[in-house]
Structure formats: C-alpha cells, structure tokens
Amino acid sequence: MSKHIVVVGAGISGLSSAWKLAESGHHVTVTAKAFSPGITSNRAAAFWFPYHVRNDHRGMEWCRKSYTFFKERSMDPASGICIIPLIKAAKAGAGDEDTWIQYMPENRLRALAGAELPQGYAKAFEAHVPLIETQLFLPYLQQQLVEKGVSFVQREITDLDGISQEYDIVVNCSGLGARELCNDATLFAVKGQVALLEPGYPGHIFLDNQTPSYIVPRKDATIVGGTYEEHNYDAQTVEEDLQQVLAKAYHIMPALKERKIIGSWAGLRPFRQSVRLERESNIIHNYGHGGRGFTLSFGCAEEVASLV
C-alpha cells in the first residue's frame with residue numbers, strides 16, 4: 001500500500017532512498033536544510049570502492065547492488081557516470097589486506113605484475129569501477145526524482161519525533177546531523193581535504209590506502225586526496241595539509257606537477273563503525289556511511305524500501 005514518506009537529508013543516501021521508495025510507488029518528499037551543490041556529497045571524489053565496509057557482512061550486498069545501479073546508469077551520458085579503470089596499489093610491508101576483493105563484481109578485477117606494477121609498489125590490482133561525477137550526477141538524480149513525482153522542501157529538521165507525526169514514515173538520512181537528531185555519540189566527523197588540479201590526467205583512478213593517497217580524474221578537475229582526520233569538525237582546508245597531500249601524489253605520479261592547481265575542498269564524512277540501517281517505530285534510520293556513501297547508496301536504499 002502506498003504511503004506518504006518524508007526523507008530527511010538530500011545527500012546521496014537521501015536521494016537514493018527517495019529513488020527506491022518512489023520506484024516502489026510511495027508518495028515521497030525530500031526535506032533538507034541544503035541541496036546540491038551545497039552538500040558534502042558534492043565534494044566526494046565519488047568512485048565506487050568497498051572502503052571501510054569489510055567488517056560489516058551486510059556491506060557486500062549493498063556494494064554490489066549499488067555497482068549494478070551505477071553501471072546501468074552509465075549508459076546515459078547525462079548521468080555523469082562512467083566505468084573507468086582503478087589501480088589499487090600497496091608497497092612492500094604496508095600491511096595491506098585483500099578482503100576487499102570478495103566485494104568486487106566478477107570479471108572486473110585482475111592482478112598486475114612485473115612492468116605493469118606502479119613504480120615503487122610491490123602489489124597492485126586493476127579494477128573497473130563506476131566514477132560518479134557528483135557535479136553532474138546529483139542534479140541529474142534530483143531531476144529524475146522530480147519526474148517521478150518526488151517533492152523537495154527546504155527545511156531544517158531539528159526533531160524527528162515531530163516530523164514523524166506528519167508522515168506515515170520518516171527516513172532519516174541526515175548524515176552527520178544524526179549525531180544530534182538521534183543523540184548518537186557513536187557517529188562522528190572524519191574530515192577530508194583534497195586539492196584540485198586542472199583536468200585531463202591521468203586516465204584512471206589511483207588508490208593507495210596506506211600512504212594514503214588517491215587520484216581521481218573528473219571532467220571538472222583531477223581530485224588529489226586526501227586526509228582522514230577523525231573528530232575534526234572544521235570544514236576549512238589547511239594549506240600545510242594540502243601541500244602534504246600534493247607531495248605524496250607528485251611522488252606517485254611526477255607528471256601531476258605539470259598540472260595547474262585550480263582549487264581545494266574540505267568535507268566532513270559522517271562516520272560510524274557500522275551503518276545504522278534499521279526501523280524504529282515509524283522512523284527508518286539510514287546514516288553513518290562515512291566515506292563510502294556512494295558505494296553503499298542504492299544497496300542501502302533498497303533495504304530502506306524493504307523496511308517500509
């Protein structure tokens with residue numbers, strides 16, 4: 001039976017939840033204090049990878065369902081999604097583990113050896129993953145939702161119990177806001193800072209979790225990251241940190257030194273040791289995805305729809 005549902009939050013978790021709910025025939029309203037481009041999801045490098053999900057058995061299915069959604073949408077040029085090579089590399093003695101491999105779709109991964117290995121690395125894999133250009137995909141997704149009959153209301157929610165009296169179901173995708181909305185002290189910010197270089201190089205994503213360093217070639221910029229600063233709630237970039245991020249990337253790919261620096265970003269990832277995805281009365285919680293929001297998004301959204 002069709003229900004009147006409000007989704008609190010307009011990041012990728014909120015929009016993907018709205019998508020699956022509308023697809024199931026419900027009347028959906030998305031409410032948030034800000035929409036794209038003024039949200040953390042817009043500042044995500046946003047490539048699919050099972051990052052920090054390997055200790056949660058639920059994550060495998062969530063990852064795979066999201067991969068399938070993004071792969072299907074990559075057929076539409078307007079979506080801002082493409083399937084692109086990703087090289088994940090580890091240095092000798094870095095303590096990297098390979099449990100993430102079981103999360104990869106079949107025939108999308110191969111080990112590199114010999115001359116194929118990035119210089120200075122002892123082990124590497126090449127995968128083909130969705131790259132989501134957030135500056136294109138989020139407005140695209142929002143427009144698709146409007147066409148599905150979803151309403152958007154700019155409103156800051158400070159009390160879930162109050163809004164739960166207005167709708168049949170509330171879906172809480174408030175990200176870091178759930179720390180106060182749900183009095184959840186296990187949720188905290190992990191600050192990430194990235195530098196933006198002029199686009200056009202390289203032709204693949206590069207990921208080294210131990211250094212840590214990642215390089216993501218978007219159409220509007222090559223994103224060079226990053227930092228992982230737990231319990232840091234300052235969403236401003238720090239020049240010294242950015243210089244360290246760039247130095248690591250230049251060491252990995254010296255050709256990046258030739259690219260002009262065109263900007264920088266900082267964002268606060270809403271991290272929790274495990275994603276909270278459960279129903280509590282007529283409130284369904286879906287938050288705490290940290291830096292893996294896009295990777296888990298549509299898989300979590302499908303579970304949200306199943307809980308209605």
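Structure shown above.
Residues numbered from 1 in each chain as written. Predicted model: local features only at pLDDT ≥ 70, side-chain atom pairs only at ≥ 80, totals over all residues. Heavy atoms only, no water.

Asks: Describe the pairing of strand β13 (residues 261-280), naming the residues involved and giving the relevant values.
Replies: In the case of a regular strand, side chains alternate between the two sheet surfaces. Looking at chain direction, strand β8 (residues 188-197) and β13 are connected through ten bridges and run antiparallel. Each residue of the ladder has a partner; that of V194, found in β13, is W265. In textbook terms, the turn of a hairpin is the stretch between consecutive antiparallel strands, and for β13 and strand β14 (residues 283-289) this stretch comprises two residues, one of which, S281, has a positive phi near 60°. (Pairing = 2+ DSSP bridges. Helix = DSSP H or I, 4+ residues; strand = E, 2+ residues; numbered from the N terminus.)

Asks: Describe the environment of E230, and please don't skip the residues or the numbers.
Replies: Relative to the helices and strands, E230 is located in strand β12 (residues 229-230). E230 gets classed as partly exposed once you look at its relative accessible area, which sits at 45%. Residues E230 and E106, spaced 124 residues apart in sequence, show a C-alpha to C-alpha distance of 34 Å. Beyond its immediate stretch of four places on either side in the chain, E230 contacts F188, A189 and V190. (Buried < 20%, exposed > 50% of the residue type's maximum accessible area, 1.4 Å probe, protein only. Contact = heavy atoms within 4.5 Å.)

Asks: Summarise helix α3 (residues 134-147); cite the residues concerned and give the values.
Replies: End to end, α3 covers 19 Å across 14 residues, agreeing with the expected 20 Å (1.5 Å per residue, within 8%). Taken together, the buried positions of α3 are T134, F137, L138, Y140, L141, Q144 and L145. On an axial view of α3, the arc spanned by its buried residues comes to 165°, and they lie on one face. After α3 finishes, the residue G149 shows a positive phi value of roughly 95°. (Expected span 1.5 Å × (residues − 1). Arc of directions from axis to C-beta.)

Asks: Just give me the short version of helix α2 (residues 59-73), but keep the residues and values in it.
Replies: Compared with the 21 Å implied by 1.5 Å per residue over 15 residues, the 21 Å span of α2 between its first and last C-alpha is a close match. Turning to α2, its buried residues are G59, W62, C63, S66, Y67, F69 and F70. Seen end-on, α2 carries its buried residues on one side only, within an arc spanning 165°. Considering only its buried residues, α2 is in contact with α1 (12-23), β3 (81-90), β5 (123-132), α3, β13 and α7 (293-307).

Asks: So what's going on with the nonpolar core? Residues and values would help.
Replies: Formed by 63 residues in total, the largest nonpolar core has its most connected members in F47, F70, F137 and V171. Sequence-distant contacts of F70, that is, excluding residues within four places in its chain, are made with W48, I81, P130, I132, F137, F294, S297 and F298. Core analysis: the next-biggest nonpolar cluster, separate from the first, contains 17 residues, L112, A195, L197 and V224 among them. (Core = buried A, V, L, I, M, F, W, Y, C linked by side-chain atoms within 4.5 Å.)

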